2 protein chains.
Amino acid sequence: MENYTEMLRAHHLKATPQRIEITNALLINGHLTIEKLYDILLKKFNSISLATIYKNINLMIENAFIQEVKIPNAKSVYELTKEAHSHLVCEKCGSVEDLHIDLSPMKKLNLSKVDFQVNKVDMVLSGICKNCQ
Amino acid sequence: MENYTEMLRAHHLKATPQRIEITNALLINGHLTIEKLYDILLKKFNSISLATIYKNINLMIENAFIQEVKIPNAKSVYELTKEAHSHLVCEKCGSVEDLHIDLSPMKKLNLSKVDFQVNKVDMVLSGICKNCQ
DNA sequence: CTGACTGCAAACGTTTTGCACGGTA
DNA sequence: TACCGTGCAAAACGTTTGCAGTCAG
C-alpha cells in the first residue's frame, strides 16, 4: 500500500484515496474486471464515478503499474504488473489464476524458419479449475 | 467456396451471397477486423449493413466456422476455424500470421503441481515481423 | 496556493435489436 | 410459398471527454 503510494509519486501521479484503493483491490483480488472493480470501490467511496475508474486504469496502464489481460469469450481483467506469466481461466466459474511457466524458448523463433522477433508472449489456458473439476 | 456453401447448409443456415463473401474474404485475407471486413464487403454489396456483418459473424462463431482472436492493444480479428495454432502479431504494422507450433505439452498441467484441466491454449506472440525488421 | 484529480453529464464508437421488405430453399 | 436473412433506424452498451468544484502536495 505504502508501496504503491510511493510508486505513484515516483511517476508524478498524486496518491489519491481512489488510486490507492484501486491498487489495493487488485492486490487483494488478483484479477478484476472494470465492473467488479467499480463494485468494490463503490463500497469505499459511495459516489465514485466509472469515469474515475477508467481514467485511472488507463493512466496506470500507461505507467505500467497494471496490465490488461484479454480473455476468450469473456471481459478483460486487470492485474498489477509483475514478472511475465501466463493465465489459467476456468470455463465454468470464470476464475483467473496466474501460471508461472517458462516461455523463453518461444522468444527464439527468429533463429528458426519463422523470421519473427518475439518481444512478448501472451498465453491463456482455458479449461476447468481445481474447484470445478 | 462451394465448400462453405455446403457447410452453411449443413448447419441449416442459408447460403446467402453476403455469407459466402464473408467466408471468401477471410479465406483470402486470413485475419480481418470487423471494420476491414465491412470495407471489403462494401465493394461487393454497395448497401450491405454493419448489422448484417455482426449478425453473421456471431452466427458463424456459434457454429464454429470462424473464431475471434483477441490481440493485446489492438482490435480483435476473425479467422476461419482450422487446426489449433498460435498467432504472431507485428507491433509495427499490425499484421497477424499463423504459427503452427506444438503446445500439447501445455495440456498436461493436471499431471503436475497445478491441478487444472486444460482444454484450449491461446497464445499470441507480439514482436516485429520479417518485413518490419 | 496551484495544478492535478474527481464526479457528473454529455458525447462517442461499437454492437445489438426490431421491423418491414426481399431472397433462398 | 414459407421462412430466413438483409438493411435500415433506433436503442443499448461500454468507454471517453469537458467542465466545474475539490484536494493533494
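A quick note: this is a predicted structure, and the numbers were derived from the prediction, not measured.

### Quick word on the interface of chain A and chain B
Item 1. Opposite the 33 residues of chain A that make contact, chain B presents 33 residues.
Item 2. When chain A packs against chain B, the two sides together hide about 2800 Å² of surface, and 62% of this comes from carbon and sulfur.
Item 3. Linking chain A with chain B are zero salt bridges.
Item 4. Applying the counting rule to chain A against chain B returns 16 residue pairs in polar contact (both at pLDDT 80 or more).
Item 5. Those elements that place two or more of their residues in the side of chain A that touches chain B are β3 (86-90), β4 (96-99) and β5 (117-128) of chain A.
Item 6. It is β5(A) that contributes the most residues to the side of chain A that touches chain B, twelve residues altogether.
Item 7. Split by residue class, the side of chain A that touches chain B holds 20 nonpolar, six polar and seven charged.
Item 8. One ladder, built from eleven bridges, connects β5(A) with strand β5 (residues 117-128) of chain B; its direction is antiparallel.

### Quick word on the protein's contact with DNA strand C
Item 1. Surveying the vicinity of DNA strand C reveals 21 residues, the closest of which are A:Thr16, A:Arg19, A:Lys55, B:Lys14 and B:Tyr54.
Item 2. For DNA strand C, the backbone portion of the atoms within 4 Å of the protein, that is sugar and phosphate, comes to 72%.
Item 3. Take A:Thr16: an N or O atom from its side chain is 2.9 Å from a phosphate oxygen of DNA strand C.
Item 4. One of the side-chain N or O atoms of A:Gln18 is found 3.0 Å from a sugar or linking oxygen in DNA strand C.

### Notes on the sheet that holds strand β4 (residues 96-99) of chain B
Item 1. The strand order β4(A)-β3(A)-β5(A)-β5(B)-β3(B)-β4(B) describes an open sheet built from six strands, whose pairing is mixed. Whereas interior strands pair on both sides, the edge strands pair on one side only; in this sheet they are β4 of chain A together with β4 of chain B. Each strand of the sheet is rotated relative to its neighbour by a mean of 25°, with strand direction disregarded.
Item 2. The pairing of strand β3 (residues 86-90) of chain B with β4(B) spans four bridges and is classified as antiparallel. Pairing of B:Val89 across the sheet is with B:Val96, part of β4(B).

### Section: unusual backbone geometry
Residues and elements named next belong to chain B.
Item 1. The backbone of Ala64 shows a phi angle near 65°, a positive value even though the residue is not glycine.
Item 2. Note that Ala64 resides in the loop between α4 (50-62) and β1 (66-69).
Item 3. With relative accessibility at 47%, the residue Ala64 sits in the partly exposed group.
Item 4. Positive phi, close to 60°, is recorded for Asn73, a residue that is not glycine.
Item 5. By the element assignment, Asn73 lies in the loop between β1 and β2 (77-80).

### As for the domain arrangement of chain A
Residue and element names in this part refer to chain A.
Item 1. Split into domains, chain A comes out as domain 1 (2-80) and domain 2 (86-127).
Item 2. Put simply, the middle of domain 1 and the middle of domain 2, counted by C-alpha atoms, are 24 Å apart.
Item 3. Domain 1 puts six residues into the contact, and the matching count from domain 2 is seven residues.
Item 4. The junction of domain 1 with domain 2 conceals about 470 Å² of combined surface from both sides, 71% of it contributed by carbon and sulfur atoms.
Item 5. Summed over the shared surface of domain 1 and domain 2, the number is zero salt bridges.
Item 6. Each residue belonging to the side of domain 1 that touches domain 2 can be placed in one class, and the counts come to three nonpolar, one polar and two charged.

### What about the nonpolar core?
Item 1. Ranked by internal contacts, the top residues of the largest apolar core, which has 28 residues, are A:Val121, A:Met123, A:Leu125, B:Val121, B:Met123 and B:Leu125.
Item 2. In contact with A:Met123, other than residues within four places in its own chain, are A:Ser86, A:His87, A:Ile101, A:Leu103, B:Met106, B:Val121, B:Asp122 and B:Met123.

### Quick notes on the relation of the copies chain A and chain B
Item 1. Aligned on chain B, chain A shows an RMSD of 0.1 Å; the corresponding rotation is 179° and the shift along the axis is 0.0 Å. Classification of the inter-copy transformation places it as that of a two-fold axis. Identified as the residue of chain A closest to the rotation axis by C-alpha distance is A:Met123, at 2.1 Å.
Item 2. Looking at chain A, 100% of its interface residues are interface residues in chain B too, so the copies touch through the same face.

Cut-offs and rules
- As a convention, each chain's residues are numbered from 1 in the sequence order in which they are written.
- Here every chain gets a letter starting at A, and every ligand a number starting at 1, in the order they are written.
- It should be noted that, the model being predicted, local features are given only for residues of pLDDT at least 70 and side-chain atom pairs only at 80 or more, the latter also being counted only at that level, while totals for whole chains, interfaces and linings use all residues.
- Note: side-chain values were computed over all heavy atoms of the structure, leaving out hydrogens and water.
- Contacts between residues were defined by any pair of non-hydrogen atoms, one from each residue, lying within 4.5 Å.
- Two parts lose some accessible area (1.4 Å probe) when they are put together, and adding that loss for both gives the buried area.
- Should a side-chain nitrogen of Lys or Arg be within 4 Å of a carboxyl oxygen of Asp or Glu, the pair is scored as a salt bridge.
- Distance and chemistry together define a polar contact, namely a pair of N or O atoms within 3.5 Å, with one atom able to donate a hydrogen and the other to accept it when in protein, and with adjacent residues in sequence counting only for side-chain atoms on both sides.
- The helix count covers DSSP runs of H or I at least four residues long, the strand count covers runs of E at least two residues long, and both are numbered beginning at the N terminus.
- Residue polarity follows a fixed list, in which Ala, Val, Leu, Ile, Met, Phe, Trp, Tyr, Cys and Pro are nonpolar, Asp, Glu, Lys and Arg are charged, and the others, Gly among them, are polar.
- At least two DSSP bridges between two strands are required for those strands to pair.
- Only a single heavy atom is needed: when it lies within 4 Å of a molecule or strand, its residue is near that molecule or strand.
- As a rule, the C-alpha atoms of each element are fitted with a line to give its axis, helices using only the stretch in contact, and angles between N-to-C directions run from 0 to 180 degrees.
- Per-residue accessibility, obtained with a 1.4 Å probe over protein chains only, is compared with the maximum for each type, and a residue is labelled buried under 20%, exposed over 50%, and partly exposed between these values.
- Here the limits of each domain have been adopted from an automatic or database domain assignment.
- The set of buried Ala, Val, Leu, Ile, Met, Phe, Trp, Tyr and Cys residues whose side-chain atoms join them within 4.5 Å is what this entry labels a nonpolar core.
- Residues below a pLDDT of 70 in either copy are left out; the C-alpha atoms of the rest, at least 70 in both, set the least-squares superposition of the copies.

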